Amino acid sequence: MSSADSPARMSYPQLLAYGLLGLPLAALGLPLYVYLPTFYADDLALSLSAVGGVLLAARLVDMVTDPLVGVGSDLFPTRWGRRLPWLLVGAPLLMLGGWQLFVPPAEVGIHYLLGWSLLTYLGWTLVILPYTALGAELSADYHQRSRITASREGFVILGTLLAVGLPGLLEYQGETRAAALEALAWVLVTVIPVAALLLVFGVGEPAGEKREPPPWRDGLKILKQNLPFRRLLAAFLLNSLANGLPASLFLLFVTHVLQQQEWSGIYLAVYFLAGVLTLPVWLKLAQRFGKHRVWVASMIWASLIFAWVPFLGAGDAWAFMVICVLSGASLGVDQAIPASIQADVIDEDTASGGGGRAGLYFGLWSMATKLSLALAVGVAFPLLELAGFDASADSNDAQSLLALALLYGGLPVAFKLVAMLLLRNFPLDESRQAELRQRIAQQ
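Residues numbered from 1 in each chain as written. Predicted model: local features only at pLDDT ≥ 70, side-chain atom pairs only at ≥ 80, totals over all residues. Heavy atoms only, no water.

> I would appreciate a short explanation of the overall build of the chain in the present structure.
Helices and strands together make up the secondary structure of the chain, namely 18 helices and zero strands. Taking 2.2 N^0.38 as the reference for a compact globule, 443 residues should give roughly 22 Å; the C-alpha atoms of the chain span a radius of gyration of 22 Å, in line with that estimate. Projecting the C-alpha coordinates of the chain onto the three principal axes gives extents of approximately 65 × 50 × 40 Å. Taken over 443 residues, the chain has a buried fraction of 54%. Just so you have it, the chain exposes about 19,400 Å², and 67% of that area is on carbon and sulfur atoms. Separation of charge centres in the chain, based on 27 positive and 31 negative side chains, amounts to 14 Å. (Helix = DSSP H or I, 4+ residues; strand = E, 2+ residues; numbered from the N terminus. Rg over C-alpha atoms; globule rule 2.2 N^0.38 Å. Buried < 20%, exposed > 50% of the residue type's maximum accessible area, 1.4 Å probe, protein only. Areas by Shrake-Rupley, 256 points an atom, 1.4 Å probe, with all protein chains shown as cover. Lys, Arg positive; Asp, Glu negative; His and termini not counted. Charge placed at Lys NZ, Arg CZ, Asp CG, Glu CD.)

Pasting the structure below:
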């Protein structure tokens, strides 16, 4: 099907076929950030600083490849399409690298971790960028795009739940951390091929006419003049930073402030489950009130809930459980709606002569995502150290614990407030997007 004549509504089997790949990608993504550093440092006895340095270096290389892969999938069409060939090349690399990282031999060195991390991140980029760009091109319909991204992000949340729950369940049954990572590796190598085949044969790639990209100077000028994209990217970066702060500080907050470390897995499961269950409600609201307005409403909701976090203390387990449920209710829309709006701002570029550069735009989007995660750690941990907080200590003074609580629940609210201001009177709504599609059709 072409983007010009794509149906107003994709069928549910098509939506599931598109979204399923998000599950194994999420099941791989969380362990790369959370489990692997500890596993290689504790279980495989590598230097913690060396492990951190290697993973940081691999991530920096990964950020450089984002725009390269994105632009490559824009500029070099094949007889099989522009997006899917890149994805099919990246999937085996991702499976191989992920397996080697999760199921290493007994004796490994730092070069082993570096080499397989680089391959895994390369495979990840080759898969995720064409995958998200394809999602933007499957429909030209304003609301249909939200259903497409919601399918993907819903499976991402389910994959994150799997990555959170499976290791905890296996360790509870007496299995080692290595066994838990191997179980996730099996999920990776079995689900990715199935999901990729369903995507290729169940959804396919739009067969619309390839638009010629402008000369690079003209293309850069069009990109700079795309005001909705610039505002959206800035708001997304700030909101992602607001989400990244509690993600990076979650275990510290639960352990040192609430003193409920044994509840950490339950908190995470409840949070992500609330995100899955409430996503259809947010989509209905977006159809009625517009995507950017509903996204702002979800940030207001999350801010009102999270503002209570700094008032919690030791033993407030159930109060925090309520906060996890209520704040988790905004998780799905926080992921699905911005990606749907991203497809709309690409229409601004295409209507101005950009040539259909979804790969480039999602490459920049991916860079912003990774930058926000890096900034979250770069902001939070130095400030905690300045406040005198010691993660290895059995107890910390009241001042350092308050600093942790404010970084976990207070500073994210401030970032979200600025993101909301950037989205105020956002110029790209349903009527504007319809005008852009008419201009594109006349080109």
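> Hey, could you run me through helix α17 (residues 411–423) in this one?
Each full turn of the α-helix corresponds to 3.6 residues, which orients residues three or four apart in the same direction. Over its 13 residues, α17 extends 19 Å from the first C-alpha to the last, a length consistent with the 18 Å expected when each residue adds 1.5 Å. Looking only at α17, the buried set comprises Pro 412, Val 413, Phe 415, Lys 416, Ala 419, Met 420 and Leu 423. Down the axis of α17, the buried set is contained in an arc of 160 degrees. They therefore lie on one face. Buried positions along α17 lie against α10 (227–258), α12 (291–306), α14 (331–351) and α16 (398–409). Trailing α17 by a residue or two, Asn 425 shows a phi angle of about 55 degrees, which is positive. (Expected span 1.5 Å × (residues − 1). Arc of directions from axis to C-beta. Contact = heavy atoms within 4.5 Å.)

> Would you explain the packing of α10 against α14 in this entry?
Each pair of packed helices can be summarised by the angle the axes make with each other and by the distance between the axes. α14 packs onto α10 with a crossing angle of 160 degrees between their chain directions and a minimal axis gap of 10 Å. The pairing of α10 with α14 is recorded here as roughly antiparallel in orientation. In the crossing of α10 with α14, the sense of the turn from one axis to the other is left-handed. Contact with α10, carried on its side by Pro 228, Phe 229, Leu 232, Phe 236, Asn 239 and Asn 243, involves Asp 334, Pro 338, Ile 341, Gln 342, Val 345 and Glu 348 of α14 and no other residues of that element. (Axes fitted to C-alpha atoms, helices over the stretch in contact; angles between N-to-C directions. Parallel < 35°, antiparallel > 145°, perpendicular 65-115°, else oblique. Left-handed = near helix turned anticlockwise from the far one by under 90°.)

> Would you mind going over the pattern of salt bridges with me for this structure?
Pairing between side chains becomes possible if they bear opposite charge and their charged atoms approach one another. Considering all chains together, one arrives at 12 salt bridges under this definition. Asp 347 is the salt-bridge partner of Arg 145, the closest N and O atoms lying 2.8 Å from each other. Taken as a pair, Arg 145 in helix α7 (residues 142–172) and Asp 347 in helix α14 lie far apart in primary sequence, 202 residues in all. Arg 432 serves as the salt-bridge partner of Glu 348, at 3.1 Å between the closest nitrogen and oxygen. Here Glu 348, found in helix α14, pairs with Arg 432, found in helix α18 (residues 430–442); they are 84 residues apart in sequence, far enough to count as distant. Relative accessible area serves as the criterion here: at 11%, Glu 348 is assigned to the buried category. (Salt bridge = Lys/Arg side-chain N within 4 Å of Asp/Glu carboxyl O.)

> I tried to follow helix α11 (residues 264–289) on my own but got confused; where do I start?
With 26 residues, α11 should cover 38 Å at 1.5 Å per step; its first-to-last C-alpha distance of 36 Å lies within 8% of that length. At Thr 278, α11 is bent by approximately 40 degrees, the largest bend along its length, and proline Pro 280 sits one to four residues beyond. Within α11, the full set of buried residues consists of Ser 264, Tyr 267, Phe 272, Ala 274, Gly 275, Leu 279, Trp 282, Leu 283 and Ala 286. A positive backbone phi angle near 100 degrees is found at Gly 290, which sits one or two residues after α11. (Bend = angle between axes of the 7 residues up to and from the residue.)

> Whenever I open this one, the nonpolar core confuses me. Can you help?
Soluble, globular proteins show a tendency: their nonpolar side chains are buried together. Residues Leu 21, Tyr 40, Phe 102, Leu 199, Tyr 267, Trp 295 and Phe 320 are the most contacted members of the largest nonpolar core, which totals 122 residues. Filtering out sequence-adjacent residues up to four positions away, Leu 199 remains in contact with Ala 17, Tyr 18, Leu 21, Leu 84, Leu 87, Tyr 131, Leu 134 and Gly 204. The next biggest cluster of nonpolar side chains, apart from the first, holds five residues, and it includes Leu 161, Val 164, Phe 272 and Leu 331. (Core = buried A, V, L, I, M, F, W, Y, C linked by side-chain atoms within 4.5 Å.)

> Any chance you could explain unusual backbone geometry here in plain terms?
The bulk of non-glycine residues show a negative phi, and the bulk of peptide bonds are trans. Even without glycine at this site, Gln 259 takes up a positive phi of about 55 degrees. Considering the arrangement of structural elements, one finds Gln 259 in the loop between α10 and α11. The exposed category is assigned to Gln 259, whose relative accessible area is 53%. Even without a glycine there, the phi angle at Asn 425 is positive, about 55 degrees. Relative to the assigned elements, Asn 425 resides in the loop between α17 and α18. Take Asn 425: its relative accessible area is 65%, and that puts it in the exposed class.

> What is the right way to read the packing of α10 against α17 from this model?
As a packed pair, α10 and α17 sit with axes 8 Å apart at the nearest point and diverge in direction by 165 degrees. In terms of their interaxial angle, α10 and α17 are classed as roughly antiparallel. Pair α10 / α17 crosses with left-handed handedness. Of α17, the residues touching α10 (which contributes Arg 231, Ala 234, Ala 235, Leu 238, Asn 239, Leu 241, Ala 242, Asn 243, Leu 245 and Pro 246) are Leu 411, Pro 412, Phe 415, Lys 416, Val 418, Ala 419, Leu 422 and Leu 423.

> How do you make sense of the environment of Thr 190 when you look at a structure like this?
As for its position among the elements, Thr 190 is in helix α8 (residues 177–202). Considered as a pair, Thr 190 and Pro 24 are 166 residues apart in the sequence and their alpha carbons are 9.0 Å apart.

> Would you mind going over a nonpolar patch on the surface with me for this structure?
Together, Trp 301, Val 322, Val 325 and Leu 326 make up an exposed nonpolar region whose accessible area comes to about 300 Å². Per-element accounting of the nonpolar patch gives the leading share, three residues, to helix α13 (residues 317–328). On the secondary structure map, Val 325 appears in helix α13. Judged by relative accessible area, Val 325 falls into the partly exposed class, the value being 35%. (Patch = residues over 30% accessible without salt bridge, like charges linked within 9 Å, V, L, I, M, F, W, Y side chains within 5 Å.)

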